[in-house]
Amino acid sequence: MTYDYLIVGSGLFGSVCAYELNKIGKKVLVVEKRPHIGGNIYTENNKGIQVHKYGAHIFHTNDKKIWDYVNSFVEFNRFTNSPLANYKGELFNLPFNMNTFYQLWKTKTPDEAKSKIAEQRQEMDGVEAKNLEEQAISLVGRDIYEKLIKGYTEKQWGRNCKDLPSFIIKRLPVRFTYDNNYFSDKYQGVPIGGYTKLIEKMLTGIEVRLDTDFLKEKSIYQSLASKVIYTGPIDEYFENRLGKLEYRSLEFKTETLKQSNFQGNAVINYTERDIPFTRIIEHKHFDPVDTTHTVITREYPSEWRVGDEPYYPINDDKNMALFKKYRELSKSENVIFGGRLSEYKYYDMHQVIKSALNCIGQLK
Ligand code: UDP
């Protein structure tokens, strides 16, 4: 055995594990299928602009320990996510707050907005929300559901809102203040100079092999180390023997434009069903730089097929039942399964870090 630990995947989960294990003197090898480190938080420098290659990532947490942890590697800026929604050419502030209510109904005070919403969600009185549609209507009422939720959600998930779990919408806050901050967490920002720098710092002094597909040479790689930490899709580890877990995939269409400012905001969502993309990201607004060009990305959700990148696990009853079977199977392996793909969980970055630190804590 040449290594104490083999870590499969250099995304956030794998990199935190690698850093923590290296710190306590373990010999670690990281193998990565892609030609670069960082998993989906990877950012690429386009003449000064940090491009979020696999979708926008905004770091936010309520946990000071996690915030201090990431800041110990790189400095974070004070970016605050305040996305806008474009519905049929009109702009609305997100998340749902007093600005949005004013734009929709001209309500000016919290009491006016609350009574409007109460009227809007009357149809749900006494009904327990069983799916995303019912959850959304009981939270904010029919108007907001139809204009700002239904189209976006059905595009993103490729499913009717009636067939989606309600927890997805619970990610979105509803506020009776004029506050456009998408997240309610205490700490928020983006690493100055990009996420790749954060991962590079974590992996300093650790052997990393890129373009290396662990699953193709599983037994060879497994024989190199006493223990494996695997962060890829759990079903693929078991050659899909119990069936295939479903994901939502994304296609990113990126353009470099000869203008310094395209949309004036990092994120604008397009919430109507007939526009095929869900949002346009203008990367320079995450980590502002003074350039004469700008880079924008349109995000098109798509059904995942073999060979596509898995982005979002589809945590409905059918997939969760299958996942539980894989999890049972995984208990008989001398392998730790962690991260978004292995735990089949709609994780945010701070949760991934916490989970990786817990995982290493249990090994020590
Ligand atoms: N959502 C919505 N309208 C929006 C933005 C989000 O209905 O303009 C809903 C949608 O159901 C989505 C969920 O909120 O799946 C979570 O969105 P978020 O932007 O947090 O997802 P992520 O950034 O992880 O893709």
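Nothing here was measured: the structure is a model prediction, and the numbers come from that model.

Quick notes on the rules
Residues numbered from 1 in each chain as written. Predicted model: local features only at pLDDT ≥ 70, side-chain atom pairs only at ≥ 80, totals over all residues. Heavy atoms only, no water. Phe/Tyr/Trp six-rings, centres within 6.5 Å; stacked < 30°, edge-to-face > 60°. Helix = DSSP H or I, 4+ residues; strand = E, 2+ residues; numbered from the N terminus. Buried < 20%, exposed > 50% of the residue type's maximum accessible area, 1.4 Å probe, protein only. Lys NZ or Arg CZ within 6 Å of the ring centre and 35° of its normal. Pairing = 2+ DSSP bridges. Near = heavy atom within 4 Å. Areas by Shrake-Rupley, 256 points an atom, 1.4 Å probe, with all protein chains shown as cover. Nonpolar A, V, L, I, M, F, W, Y, C, P; charged D, E, K, R; others polar.

1. Examining the packing of aromatic side chains
In the structure shown here, the tally under the stated rule is 29 aromatic pairs. Ring geometry for Tyr19 and Tyr69: centres 6.4 Å apart, planes at 75 degrees, overall edge-to-face. On the criterion of sequence distance, the pair formed by Tyr19 in helix 1 (residues 12-23) and Tyr69 in helix 2 (residues 64-71) is long-range, its members being 50 residues apart. On the accessibility criterion, Tyr69 (12% relative accessible area) is buried. Pairing Tyr230 with Tyr237 gives two aromatic rings, centres 5.1 Å apart and planes at 65 degrees, and the pair type is edge-to-face. With respect to class, Tyr230 is no different from Tyr237; both count as buried. Through a chain of ring-to-ring contacts, three or more aromatic side chains come together here, namely Phe214, Tyr230, Tyr237, Phe238, Tyr326 and Phe337. Sitting over the ring of Phe176, Lys114 keeps its end group 4.9 Å from the ring centre. We note Lys253 situated over the ring of Tyr300; from NZ or CZ to the ring centre the distance is 4.5 Å.

2. What to know about the pairing of strand 14 (residues 294-303)
Buried residues dominate strand 14, accounting for 7 of its 10 residues. Note: strand 11 (residues 247-257) against strand 14, 10 bridges, orientation antiparallel. In the sheet register, Ser249 faces strand 14, and the bridge partner there is Ser302. For strand 13 (residues 279-282) and strand 14, the ladder comprises 4 bridges, and the chain directions are antiparallel. Along strand 14, the bridge assignment pairs Ile281 with Thr297.

3. Some remarks on the environment of Asp125
With respect to the helices and strands, the residue Asp125 is situated in the loop between helix 4 (110-120) and helix 5 (132-140). In the structure, Asp125 is positioned 234 residues away from Cys359 in sequence and 43 Å away in space, judged by C-alpha atoms.

4. Points about the site of the ligand
Inspection of the region around the ligand gives 17 residues, with Leu148, Thr153, Trp157, Tyr312 and Tyr346 positioned closest. Taking 530 Å² as the accessible area of the ligand by itself, protein coverage stands at 92%. With 6 residues, the top contributor of residues to the shell around the ligand is helix 6 (residues 142-157). For the shell around the ligand, the per-class residue count stands at 11 nonpolar, 4 polar and 2 charged.

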